[in-house]
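Structural overview
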Amino acid sequence: MGNFPKWLRMRVGKKRGWKCEYPGCNRSFKDGFLLEFHHKIATSMGGEDTEENCQILCIYHHLKVHEKMARDGTGHPDSPRLIRARLRATGGRTREWIRKNGGAK
C-alpha cells in the first residue's frame, strides 16, 4: 500500500472540491467526513502516484472499494482490515470534527 505525496493530495483535493468521488456520495471534508486518497490501480499492481491514478473517497466507500478488490484479488488482502480499524477509531470523522463534537459519533 502506498501513500500519495502531500503536494499531490493537496492539488487533487483543491481541484476536486475535497469530496468523495464515489458515484452518488456527497460526503465532504467541509462537513467533517474523513476522506482518503485511493490508488485506482494499486501500487502493488504497477499503479503510480499520479493525479490520474488518484481518487478521493470517504472512508466508508474506501472500505467498500478495498473489500471488492480483496475479493477480486486486485488489491492488498490486508487493506480492508486496516481501513476498518481507522473507521472504528474515528467513526468516519475528521479529527477536527471529533474535537469540536467531543467524540466520534
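Because the structure is predicted, anything quoted here is derived from the model rather than measured.

Our next topic: unusual backbone geometry. If you check the backbone angles, tryptophan 18 has positive phi at about 50 degrees while not being a glycine. Within the secondary structure, tryptophan 18 sits in the loop between helix H1 (6-16) and strand E1 (35-39).

Each pair of packed helices can be summarised by the angle the axes make with each other and by the distance between the axes. Packing of helix H2 (residues 59-72) against helix H3 (residues 79-90) leaves a shortest axis separation of 8 Å and a crossing angle of 160 degrees. Taken as axis vectors, H2 and H3 run roughly antiparallel relative to one another. Note that H2 runs across H3; the crossing there is left-handed. Residues Ile59, Tyr60, His62, Leu63, His66, Glu67 and Ala70 of H2 touch H3, and the partners they reach there are Ser79, Pro80, Ile83, Arg84, Arg86 and Leu87. Of the residues that constitute the contact of H2 with H3, the class distribution is seven nonpolar, three polar and three charged.

In this section: the pairing of E1. With five of five residues buried, E1 is to be regarded as a mostly interior element. Here E1 shows two buried faces, one formed by Leu35, Phe37 and His39 and the other by Glu36 and His38. Where E1 and strand E2 (residues 54-58) come together, five bridges link them in antiparallel fashion. By the bridge assignment, phenylalanine 37 is partnered in E2 with isoleucine 56.

About the thresholds
- Residues numbered from 1 in each chain as written.
- Predicted model: local features only at pLDDT ≥ 70, side-chain atom pairs only at ≥ 80, totals over all residues.
- Heavy atoms only, no water.
- Helix = DSSP H or I, 4+ residues; strand = E, 2+ residues; numbered from the N terminus.
- Axes fitted to C-alpha atoms, helices over the stretch in contact; angles between N-to-C directions.
- Parallel < 35°, antiparallel > 145°, perpendicular 65-115°, else oblique.
- Left-handed = near helix turned anticlockwise from the far one by under 90°.
- Contact = heavy atoms within 4.5 Å.
- Nonpolar A, V, L, I, M, F, W, Y, C, P; charged D, E, K, R; others polar.
- Buried < 20%, exposed > 50% of the residue type's maximum accessible area, 1.4 Å probe, protein only.
- Pairing = 2+ DSSP bridges.

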